[in-house]
Amino acid sequence: MSDLRRGIWREFFPRKIRHWLVPIGTMGLVGLIGAMLLAMTGVLNLAASTPHPQGWASFLHFAFQRSVAFHSRNLQPPAEINSAALIEKGATHYDRVCSNCHGAPGMGQNPIAMSMRPQPQYLMGSLKDYSPSELFWIVKHGVKYSAMPAWPAGDRDDEVWAMVAFLRAMKSMNYEQYRSITLGAMKRATGAPPALPPGDFRPQPYVIGGTQTAEAAVNFSTPALGFGHSSEIAEIGKSCVACHGTDGRSRASGGIPNIALLNRNQIVRQLDLYRTGVRQSGIMQNVAVQLTPDQIAGLASYYSSQPKVGGAKVRATPAVLALGERIASQGLPDRQVGACASCHGITAAAARAYPGLDGQYPLYLRDQLRLYRSGVRGGDIPANPMPAVAARMTDKEIEAVSLFYASRSLGTAPVRAVDAPVPANP
Ligand code: HEC
Ligand code: HEC
Ligand code: HEC
């Protein structure tokens, strides 16, 4: 290399790092100002009416999938992930909230969702790409710069797992099975689920970033569960019946509480707490914000006057039930926890009545005690004794007392609070 050429080379590519700083800094600044000016002119087209360029959409989705895989790597699904209770708890919420955007077995997506960029995936096609932990992360946190919402109740991981349980089960459902599980308790009252409208509605596989043909788009969106749903489904969907039944006993699998066990004031109070967000639930807050005070009063009168009937059969060893009974009637004297029965035994007189626990589903009781313990439920309500009670209980005690109350049939004499026997050697 000649001296001259070496000189020019050095000029542009100096050997010392500090000689690089100014040129690189200047370039960065010019680039930033350029980008700012470009944005200010307004010529950039951010319209959703044109699809993302193929390569860009694939890159974004790749980055999203990597981010999900990374952040979900240490999550552990709960033991009951395959239980009917969890699957049924997620089902109707999926139908009412997610299916418009993501479709469902035998049903397409709403045309409005088809016009979003990025377009929501047809989940029947893409669920196989994700593990339960990855689905949990997506459903809990949502996706930035897309229409995919985060779970509205940020601390209710138990509800998010219920949705994951349902998504996993939905993968292998056909239309009839899907309708049957999402209408749930309603189906018992009306018989068969509504028939699939005639025609060929095979869902077409969704191509990430690809453009749908007009024919595929129609196949996707007909018969769509519109944002208002068809009239029959709209009536069911708006009401409480798909989840809680006409009798308040909800689903026999026990993921959703039996609300006929509550008295009128408690139903009004709980719906107000959901409505104002003081009691967190991604499922019930969505329902409660749509109710007027008159509707709340009417629904509370209706459900509280339904027959109070206990839930499903409980499987527990006599030793576990005995521990549960001891906690219910004596509390935990070593930790200053009073007998549950000193409050929960009073169920008749409206003003002093506490929620009835006899015959409630064990999974619901357990989850609520855990929520009180972690402060997710009850902390904002002045004088709510439950967070302090639950905070002093172990997992084993919570499990036992939940199973004990669930195993009790209604109409038998209430559990009595008794003084704990004084220990023999203090
Ligand atoms: C308003 C529309 C909308 C609603 C409602 C919605 N989503 Fe999404 N969802 C999206 C969009 C858009 C994406 C795609 C994000 C992306 O590709 O970056 C998405 C992505 C997903 C994914 C990842 C799919 C894949 O193949 O990568 C899952 C899983 C998912 N949503 C589940 C749900 C569930 C469960 C609900 C209901 C609780 C729900 N979504 C509600 C719009 C929606
Ligand atoms: C999509 C299913 C779904 C629908 C629809 C629904 N609920 Fe619920 N409901 C639930 C679930 C799940 C819970 C438990 C939430 C929690 O863990 O806080 C619940 C809890 C409740 C509670 C509190 C129970 C307790 O023991 O504290 C009341 C009261 C209630 N629902 C009333 C209603 C009424 C009234 C309607 C109709 C306007 C309704 N729900 C519609 C699923 C539903
Ligand atoms: C000092 C009175 C008191 C004691 C003692 C007490 N509770 Fe409660 N409990 C309440 C009140 C009041 C509520 C309603 C609070 C609310 O709305 O969050 C409640 C609510 C609950 C709920 C939620 C019910 C539902 O339908 O959502 C459960 C579960 C529960 N208690 C279990 C227990 C157990 C188990 C014990 C004993 C270890 C116990 N409680 C001891 C007063 C008490």
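In this text the structure is predicted, and so the values were computed from the model without any measurement.

**Some remarks on the site of ligand 3**
- Arg269, Cys340, Cys343, His344 and Met386 are the nearest of the 22 residues found near ligand 3.
- The side chain of arginine 269 places a nitrogen or oxygen atom 2.5 Å from an oxygen atom of ligand 3.
- For ligand 3, an oxygen atom lies 2.8 Å from a polar atom in the side chain of asparagine 384.
- Among the elements of the structure, α14 (264-275), α18 (341-344), α19 (362-373) and α20 (386-391) are those that each provide at least two residues to the shell around ligand 3.
- Top element by residues in the shell around ligand 3 is α19. It accounts for 4 residues.
- Along the lines of polarity and charge, the residues of the shell around ligand 3 split into 17 nonpolar, 3 polar and 2 charged.

**Observations concerning a nonpolar patch on the surface**
- A grouping of Leu4, Ile8, Trp9, Phe12, Phe13, Ile17, Trp20, Leu21, Val22 and Ile24 is seen on the molecular surface, where their side chains present a nonpolar patch of about 1,200 Å² in accessible area.
- At the level of secondary structure, the elements contributing two or more residues to the nonpolar patch comprise α1 (3-12) and α2 (17-41).
- At 5 residues, α2 tops the list of elements feeding residues into the nonpolar patch.
- Topologically, phenylalanine 13 is positioned in the loop between α1 and α2.

**Focus on the coordination of the iron atom of ligand 1**
- Coordination sphere of the iron atom of ligand 1, protein contribution only: His102 (NE2) and Met148 (SD), at 2.0 to 2.1 Å.
- Under the relative-accessibility criterion, methionine 148 is labelled partly exposed at 24%.

**Thoughts on the site of ligand 2**
- Taken together, 25 residues lie around ligand 2, and Cys240, Cys243, His244, Tyr274 and Met284 are the ones closest in.
- Residue arginine 156 places a side-chain N or O atom 2.8 Å away from an oxygen atom belonging to ligand 2.
- Between ligand 2 and tyrosine 364, the relevant distance is 3.0 Å, taken from an oxygen atom to a side-chain nitrogen or oxygen of the residue.
- Of all the elements in the fold, those that place two or more residues in the shell around ligand 2 are α4 (84-102), α13 (241-244), α14, α15 (284-288) and α19.
- When residues of the shell around ligand 2 are assigned to their parent elements, the largest contribution, 4 residues, is made by α14.
- By residue class, the composition of the shell around ligand 2 is 15 nonpolar, 7 polar and 3 charged.

Parameters at a glance
- Residues numbered from 1 in each chain as written.
- Chains lettered and ligands numbered in written order.
- Predicted model: local features only at pLDDT ≥ 70, side-chain atom pairs only at ≥ 80, totals over all residues.
- Heavy atoms only, no water.
- Near = heavy atom within 4 Å.
- Polar contact = N/O pair within 3.5 Å; in protein donor to acceptor, adjacent residues only side chain to side chain.
- Helix = DSSP H or I, 4+ residues; strand = E, 2+ residues; numbered from the N terminus.
- Nonpolar A, V, L, I, M, F, W, Y, C, P; charged D, E, K, R; others polar.
- Patch = residues over 30% accessible without salt bridge, like charges linked within 9 Å, V, L, I, M, F, W, Y side chains within 5 Å.
- Areas by Shrake-Rupley, 256 points an atom, 1.4 Å probe, with all protein chains shown as cover.
- Salt bridge = Lys/Arg side-chain N within 4 Å of Asp/Glu carboxyl O.
- Donors = N, O, S within 2.8 Å, 3.2 Å for Na, K, Ca; no water.
- Buried < 20%, exposed > 50% of the residue type's maximum accessible area, 1.4 Å probe, protein only.

Just distances and angles here, no functional claims.
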